[in-house]
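The residues making up each chain are set out below.
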Amino acid sequence: MKAVLCKAFGPAETLVVEDVASPAPKKNEILLEVHAAGVNFPDTLIIEGKYQFKPPFPFSPGGEAAGVVLEVGEKVEHVKAGDRVMALTGWGSFAEQVAVPGYNVMPIPRGLDINAAAAFGMTYGTSMHALKQRANLQPGETLLVLGASGGVGLAAVEIGKAMGATVIAAASSAEKLAVAKAAGADHLINYSEASLKDEVKKLTGGQGADVIYDPVGGDLFDQAIRAIAWNGRLLVVGFASGRIPELPVNLTLLKGAAVVGVFWGSFAQRQPQDNAANFQQLFAWHAEGKLKPLVSQVFPLEQAAEAINALGQRKAVGKVVVQVR
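The structure reproduced in this document is the subject of the present report.

What counts, and where the lines are drawn
Residue numbers here run from 1 along each chain, matching the order of that chain's written sequence. Two thresholds apply to this predicted model, a pLDDT of at least 70 for residue-level local features and 80 or more for giving and counting side-chain atom pairs, whereas whole-chain, interface and lining totals are computed over all residues. Remark: hydrogens and water are excluded; side-chain values derive from all non-hydrogen atoms of the structure. Salt bridges are identified by distance alone: a Lys or Arg side-chain nitrogen within 4 Å of an Asp or Glu carboxyl oxygen. A run of DSSP states H or I qualifies as a helix once it reaches four residues; a run of E qualifies as a strand once it reaches two. Both are numbered from the N-terminal end. Think of it in three bands: with a 1.4 Å probe and only protein chains considered, a residue is buried below 20% of the maximum accessible area for its type, exposed above 50%, and partly exposed in between. Here the axes come from fitting lines to C-alpha atoms, over the contacting stretch only for helices, and the angles between their N-to-C directions go from 0 to 180 degrees. Throughout this description, any angle smaller than 35 degrees is read as roughly parallel, any larger than 145 degrees as roughly antiparallel, any in the 65 to 115 degree range as roughly perpendicular, and the remainder as oblique. Crossing chirality is assigned from the near helix's rotation relative to the far helix, an anticlockwise turn below a right angle marking it left-handed and a clockwise turn marking it right-handed. Contact criterion: two residues are considered in contact whenever any of their non-hydrogen atoms come within 4.5 Å of each other. Just so you know the grouping, Ala, Val, Leu, Ile, Met, Phe, Trp, Tyr, Cys and Pro go in nonpolar, Asp, Glu, Lys and Arg go in charged, and all remaining residues, Gly too, go in polar.

**Some words on the pattern of salt bridges**
Summed over the entire model, instances satisfying the criterion amount to 12 salt bridges. One salt bridge connects Arg233 with Glu141, and the closest N-O pair in it is separated by 2.8 Å. Linking Arg233 in strand 12 (residues 228–236) with Glu141 in the loop between helix 3 (121–134) and strand 8 (142–145), this pair joins segments that are 92 residues apart in sequence. By relative accessible area, Arg233 is classed as buried at 13%. On the basis of relative accessibility, which here comes to 16%, the residue Glu141 falls in the buried class. A salt bridge links Lys290 to Glu288, with the shortest nitrogen-to-oxygen separation between them at 3.4 Å. Residue class for Lys290 comes out partly exposed when judged on its relative accessible area of 42%. Because the salt bridges share partners, they merge into one network encompassing Asp219, Asp222 and Arg243.

So, in structure tokens, the structure goes:
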């Protein structure tokens, strides 16, 4: 089978496509014929040795995939050969086949096409966990989403609206904000042209945002914590800007606020029943038309490096997908 391989930590340009042996699934795994694989921010980190997991070389990046089950280990009962499924792999999805633990595999619901399924799990799973379990977002609250045109940001905008919040979308250009507006955002802030803190205060009558969803970090975190409401919750989702910010903790004291970490991958392993319930709600919202995954770019397997760079250079809106077959 063909696979994109990382043989040494480095930029995406160092990845190669080679023929390798097909994986053999263990008793608790399925063998997935990959049709499409989602590209996510961890893919930009894992190939450079900057992610919390460092697979042995050579490995294929790609943390989520959609396709058809080829084989099923004897301990896997909820799917069978021939089923269309979506899977969370951690890495390995930029290949024609991948072995995946059965507990990380879900049937693709009716109405979700294969590219959208490959782009669904990580972004919507992360944002649902963040807003439900970590923030306890309530109807009528104000949600500020930073990086609102990216994969997790757009998912947060849609989920926030589905949960009954007023959503403020913040992004770096008018083009990106138009995407967030189409996803349902109530208010827009271009933080390359105006002060994030000042604009949030204007939109909330000086109160600030009840929940802030931050996958960007850096300078925007510094501004956002100063635009948080009393009893607000700032969700630390990621650091796409490249800088991990430091927090003056007196700001949390003055606002009675909480800064809350979001690590969806660990949550899914530790609380699988809660994660499954989250996805049942997400699939229901999708069926109702409240969630519309945006796949903005599709690259063939041979151009996986370009796909990773499109995301790493923050050029992409919505999700980028590698089409394998």
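The rest of the description comes next.
**Some details on unusual backbone geometry**
Leaving glycine out, the prevailing phi sign among residues is negative, and the prevailing peptide bond configuration is trans. A cis geometry characterises the amide bond from Phe57 onward to Pro58, with omega recorded as -15°. Phi at Asn136 is positive, roughly 50°, even though this residue is not glycine. Note on placement: Asn136 falls in the loop between helix 3 and strand 8. For Asn136, a relative accessible area of 48% translates into the label partly exposed.

**Re the packing of helix 3 against helix 4 (residues 151–162)**
Running from N to C, helix 3 and helix 4 cross one another at 50°; their axes reach a closest spacing of 8 Å. Compared by their axis directions, helix 3 and helix 4 come out oblique. In this structure, helix 3 crosses over helix 4, and the sense of that crossing is right-handed. Together, Thr123, Tyr124, Thr126, Ser127, Met128 and Leu131 of helix 3 and Gly151, Val152, Ala155, Ala156, Glu158, Ile159 and Gly160 of helix 4 make up the contact between the two elements. Partitioning the contact of helix 3 with helix 4 into residue classes produces seven nonpolar, five polar and one charged.

What is shown is where atoms sit, not what they do.
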